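Chain residues, written in single-letter form:
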Amino acid sequence: MSQQLGELPFFNRLSTRLTLLILVVVAVLAGATAFMVVRGFSLAQQGAFDTSLQGVHPTEGGETGFDPSTASDLNVIVRATLINLIAIFLFTLIGATVFSRTLLLEPIAALVRGTRELAAGHLGVTLPVTSRNELGLLAQAFNQMSVSLNERTRDLLGSNEALRVSEARFQLAMSGANDGLWDWDIAHESLYLSPRWKTMLGYREDDLGNSLETWQELIHPADREHTQTRLSDHLAGEATNIQIEHRLRRKDGGFSWILARGASLRNAQGSVVRMAGSITDITEKVSAVEVLEERVQKRTADLAALLELSNSTALTLEFAPLLEQILRKLQEVVGSSAAAVFEATPDGDLVLVTTRGKPASTDFDLVRSSIESRAPRSSLADGSRGGTDRLAIPLIVRDAIVGALVLEHRKGPFSEDRMQLASAFANQVAVALENAKLYQQVQTQAALEERQHLARELHDSVSQALYGILLGAHAIRKRLGEGPDLSEESREALDYVEHLAQAGIAEMRALIFELRPESLQQEGLIEALRKQLEALESRHGLATDFAFTGEPSLSLTNKQVFYRVAQEALHNVVKHARAGRVSVQLEQGEGEVSLEIVDDGAGFNTNETFPGHLGLKSMRERVTALGGTLDVRSQDGRGTTVRARLPLGAIESHVGSEEGK
């Protein structure tokens with residue numbers, strides 16, 4: 001620490017030394033002058049004394065005067081005194097000059113040079129301290145100031161560099177974050193919007209003014225009240241941070257979702273005097289959230305529909321309405337244009353259960369591929385964007401294939417989530433099929449048990465009674481014999497009883513066969529047709545012919561269709577044709593099985609319609625549903641020929657399409 005001016009020793013002060021210098025110079029000059037004056041007076045008195053001793057030499061006028069030599073000595077003395085005074089003055093001046101140069105000029109010059117060096121930016125320059133006076137203290141203070149200024153400058157440069165790096169990092173971060181800055185000086189009612197703030201909305205820097213009104217005018221009308229409320233609550237509250245989501249109008253007229261974040265500075269009274277922060281474009285985030293919410297809502301609706309269908313599946317026993325409800329919901333949720341449900345039979349065939357919409361066609365290879373892979377298969381699996389997509393989904397219950405669901409979409413491929421949703425609906429269809437099958441099995445079993453019970457009752461009661469009547473008639477005929485004792489009337493009566501008993505037995509056999517349809521599976525189609533013809537002969541006395549090539553290689557379902565067609569055709573022969581003979585031919589050829597029924601009855605016009613008579617229509621629907629054909633040829637008076645053909649391995653169906661119901 002440098003000494004203060006008041007703390008300097010008295011003799012170290014520059015003013016003291018200058019005063020002493022002046023006093024010394026004045027004293028020397030005064031002393032020299034006094035010395036010379038005294039000496040001059042001394043010499044003058046000595047000359048006067050010598051003159052008085054020698055006498056005074058009178059002048060020509062009789063007056064007396066000094067001796068010329070005396071006057072000369074006085075002149076010499078005066079000159080010597082003046083020369084001495086001048087020499088002393090010069091010596092004193094030179095001494096004062098040297099002293100002042102050493103004491104004043106050189107330290108001041110050094111200070112000037114140091115000041116110029118400092119002004120030129122050469123921080124840390126120091127001056128030599130050669131004295132302990134004020135100038136020495138000034139030089140010492142200058143040195144301390146220069147060193148301190150140099151250190152502070154280094155610290156300031158370091159701080160500036162750190163600040164520059166921080167600002168560069170901040171600008172880079174803000175640029176990377178794509179954010180804009182704002183600064184609201186509430187005390188001075190000014191708002192600063194950074195260039196990035198404006199370009200985020202598509203504006204140039206000079207397109208928007210820096211004012212609060214500019215920001216308020218850009219806010220979406222629907223968000224202004226909410227934004228103003230949030231801002232007012234923040235200004236009135238204690239929180240230092242604020243976040244507001246709102247929409248701002250872009251230059252193109254659209255709106256962007258913006259997240260404004262900032263911090264506030266409050267005064268001692270708690271009032272906000274300044275706020276600053278940034279804005280972030282969250283349009284994509286908000287859009288993603290909206291899409292996610294929409295998906296969640298859609299997913300919730302889908303799950304609700306699945307839950308509703310699950311409840312309906314568990315509680316509804318009527319299969320057709322339930323399946324119709326499932327397909328309708330499926331069409332609404334998945335967006336399919338058409339749908340078809342197939343049921344798998346025990347022998348590996350597929351039965352078309354129902355359809356919705358109007359499918360263009362069914363790709364059975366696609367259906368079989370999905371069943372074999374036990375996974376959904378799409379006809380546009382190659383990623384094609386156009387055309388009609390057909391999606392086949394296997395119906396699986398307890399790891400067993402029970403059928404297939406086929407969907408059709410005429411506007412490109414099904415999306416992945418739609419396929420997953422369709423698979424979930426397919427599970428409901430599978431459960432519905434299984435429930436319907438189980439319910440049908442229960443009903444069938446109950447009906448079968450009832451039929452078997454009725455068949456046993458008929459066999460044990462009526463059939464036995466008929467057999468008893470027939471045996472009794474034979475016994476009476478045998479007892480009476482064929483002699484003359486047996487009258488014609490008795491013979492006719494016995495013949496009538498025997499014929500009636502035989503007809504009743506044949507009728508009972510046919511009735512028992514109809515009550516026990518499992519005989520078709522156990523005995524075969526040929527035996528079933530043979531019994532039909534035997535019943536026809538015994539009931540109505542028709543002559544019948546039956547030709548066949550062997551038991552056809554058909555499934556039980558297909559055999560049932562042939563049996564029902566023959567049953568309906570023979571019923572028409574008895575009821576309408578008034579025929580005397582009927583021929584039935586069952587033949588298995590290459591790739592198909594045919595059944596032909598020919599009668600010699602009255603025939604009819606095949607172009608006419610018969611309202612209320614559904615026999616032919618029913619036969620045709622049964623056959624065509626299996627992919628077969630039914631041909632009916634007849635003319636008035638020339639009999640009727642009914643020919644049904646079924647391809648081997650046909651896709652089966654017991655319910656027609658929605659349009660054919």
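Being a predicted model, the structure only gives us computed values, none of them experimental.

A.B. asks: How should the overall build of the chain be read in this particular structure?
C.D. replies: Tallying secondary structure elements over the chain gives 15 helices and 18 strands in all. Each of the 661 residues in the chain was classed as buried or not, and the buried ones make up 35%. For the chain, long-range pairs separated by at least 24 residues make up 59% of all intrachain contacts whose partners lie at least 6 apart in sequence. Accessible surface computed for the chain: about 39,200 Å², of which carbon and sulfur atoms make up 56%.

A.B. asks: Any chance you could explain the nonpolar core here in plain terms?
C.D. replies: The tendency in soluble globular proteins is for nonpolar side chains to be buried side by side. In terms of nonpolar packing, the biggest core is built from 32 residues, with Phe-562 and Val-582 touching the most fellow members. Breaking this core down by element, the ones donating at least two residues are helix H13 (525-540), helix H14 (556-577), strand S14 (581-588), strand S15 (592-599), helix H15 (615-624), strand S16 (629-634) and strand S17 (640-647). Per element, the largest residue contribution to this core is nine residues, and it comes from H14. When neighbours within four sequence positions are excluded, Val-582 is seen to be in contact with Leu-536, Leu-542, Ala-543, Thr-544, Asp-545, Leu-570, Val-573, Ile-597, Val-598 and Asp-599.

A.B. asks: Could you clarify how one ought to interpret the pairing of strand S13 (residues 543-548) in this entry?
C.D. replies: In the case of a regular strand, side chains alternate between the two sheet surfaces. Pairing geometry for S13 and S14, over six bridges, is parallel. Looking across to S14, one finds that Asp-545 is bridged to Ser-583. Taken together, S13, H14 and S14 form a β-α-β motif whose crossover is left-handed.

A.B. asks: How should the packing of aromatic side chains be read in this particular structure?
C.D. replies: Each aromatic ring pair is characterised by the separation of its centres together with the angle its planes make. Applying the stated criterion to the full structure yields one aromatic pair. Pairing Phe-546 with Phe-548 gives two aromatic rings, centres 5.1 Å apart and planes at 45°, and the pair type is tilted.

A.B. asks: What is the right way to look at unusual backbone geometry in this model?
C.D. replies: Outside of glycine, negative phi angles account for most residues, and trans bonds account for most peptide bonds. A positive phi angle is found at Glu-189, which is not glycine, with a value near 55°. Position of Glu-189 relative to the elements: it lies in the loop between strand S3 (180-185) and strand S4 (190-193). Its relative accessible area of 72% is what places Glu-189 among the exposed residues. Here the phi dihedral of Arg-374 falls at roughly 55°; this positive angle occurs in a residue that is not glycine.

A.B. asks: What should I look at first to understand the pattern of salt bridges in this one?
C.D. replies: Oppositely charged side chains can pair when the atoms bearing their charge come close. Counting across every chain of the model gives 15 salt bridges. The salt bridge partner of Arg-164 is Glu-161, with a shortest N-O separation of 2.5 Å. Taken as a pair, Arg-164 and Glu-161 lie in helix H3 (residues 134-177) at a separation of three residues, close to a single helical turn. The partly exposed category is assigned to Arg-164, whose relative accessible area is 47%. Judged by relative accessible area, which is 40%, Glu-161 ranks as partly exposed. For Arg-250, the salt bridge goes to Asp-252, with nearest N and O atoms at 3.2 Å. When its relative accessible area of 61% is taken as the criterion, Asp-252 is described as exposed.

A.B. asks: Can you walk me through the environment of Ala-30 in this structure?
C.D. replies: Residue placement: Ala-30 occurs in helix H1 (residues 14-54). Residue classification places Ala-30 among the partly exposed positions, given a relative accessible area of 43%. In this structure, the C-alpha to C-alpha distance between Ala-30 and Leu-85, residues 55 residues apart in sequence, is 9.6 Å.

A.B. asks: Is there a simple way to think about the packing of H13 against H14 in this case?
C.D. replies: Each pair of packed helices can be summarised by the angle the axes make with each other and by the distance between the axes. Put simply, H13 and H14 touch, their axes get as near as 10 Å, and they point 15° apart. Considering their axes alone, H13 and H14 lie roughly parallel with respect to each other. Crossing of H13 over H14 shows right-handed handedness. Contacts between H13 and H14 involve Leu-525, Ala-528, Leu-529, Gln-532, Leu-533, Leu-536 and His-540 from the first element and Lys-559, Phe-562, Tyr-563, Ala-566, Gln-567, Leu-570 and Val-574 from the second.

A.B. asks: Help me understand a nonpolar patch on the surface in this model?
C.D. replies: Residues Ile-86, Phe-89, Leu-90 and Leu-93 make up a contiguous nonpolar surface patch of about 380 Å² in total accessible area. Here Leu-93 lies in helix H2 (residues 68-119).

A.B. asks: Explanation requested: the sheet that holds S14 in the structure shown.
C.D. replies: Two pairing modes exist for strands in a sheet, parallel and antiparallel, and in both the strands are linked by backbone hydrogen bonds. Strand order in this open sheet of five strands is S13-S14-S15-S17-S16, and the pairing throughout is mixed. Unpaired on one side and paired on the other, S13 and S16 mark the two borders of the sheet. Across the sheet, the mean angle from the axis of one strand to that of its neighbour is 10°, orientation sign disregarded. Here seven bridges tie S14 to S15, and the two strands are oriented antiparallel to one another. Residue pairing in the sheet places Gln-588 in a bridge with Val-593 of S15. Taken strand by strand, H13 contacts S13, S14 and S15, and its axis lies near 170° from that of S13. Its contacts with the sheet put H14 on S14, S15 and S17, and the angle it makes with S15 is roughly 10°.

A.B. asks: Sorry if this is basic, but what is going on with H14 here?
C.D. replies: Along an α-helix, residues three or four apart share an orientation, since each turn contains 3.6 residues. With 22 residues, H14 should cover 32 Å at 1.5 Å per step; its first-to-last C-alpha distance of 30 Å lies within 8% of that length. All of the buried residues in H14 are Asn-558, Lys-559, Val-561, Phe-562, Tyr-563, Val-565, Ala-566, Ala-569, Leu-570, Val-573 and Ala-577. Arg-578 lies just past H14 and shows a positive phi near 55°.

A.B. asks: Before we go on, may I ask you to explain the sheet that holds strand S6 (residues 255-266) in this structure?
C.D. replies: Within the open sheet, the five strands sit side by side as S4-S3-S7-S6-S5. Their pairing is antiparallel. Both outer strands of the open sheet, S4 and strand S5 (241-249), are each paired with one neighbouring strand and no more. Geometrically, the sheet is characterised by an average inter-axis angle of 20° between neighbouring strands, direction not taken into account. Sheet topology note: the S3/S4 ladder contains four bridges and is antiparallel. Paired with Trp-184 across the bridge in S4 is Leu-191.

A.B. asks: I would appreciate a short explanation of the confidence of the model for the chain in the present structure.
C.D. replies: The predicted structure's coordinates, where accompanied by low pLDDT, should not be read in detail. Considering every residue of the chain, the mean pLDDT works out to 75; 74% of them sit at 70 or more. Across residues 1-6, where pLDDT falls below 50, the model places ten contacts with residues more than four positions away in sequence or in other chains.

Rules used throughout
- Residues numbered from 1 in each chain as written.
- Predicted model: local features only at pLDDT ≥ 70, side-chain atom pairs only at ≥ 80, totals over all residues.
- Heavy atoms only, no water.
- Helix = DSSP H or I, 4+ residues; strand = E, 2+ residues; numbered from the N terminus.
- Buried < 20%, exposed > 50% of the residue type's maximum accessible area, 1.4 Å probe, protein only.
- Contact = heavy atoms within 4.5 Å.
- Areas by Shrake-Rupley, 256 points an atom, 1.4 Å probe, with all protein chains shown as cover.
- Core = buried A, V, L, I, M, F, W, Y, C linked by side-chain atoms within 4.5 Å.
- Pairing = 2+ DSSP bridges.
- Right-handed = clockwise from strand over helix to strand, strands pointing away.
- Phe/Tyr/Trp six-rings, centres within 6.5 Å; stacked < 30°, edge-to-face > 60°.
- Salt bridge = Lys/Arg side-chain N within 4 Å of Asp/Glu carboxyl O.
- Axes fitted to C-alpha atoms, helices over the stretch in contact; angles between N-to-C directions.
- Parallel < 35°, antiparallel > 145°, perpendicular 65-115°, else oblique.
- Left-handed = near helix turned anticlockwise from the far one by under 90°.
- Patch = residues over 30% accessible without salt bridge, like charges linked within 9 Å, V, L, I, M, F, W, Y side chains within 5 Å.
- Expected span 1.5 Å × (residues − 1).
- pLDDT = per-residue confidence, 0-100.

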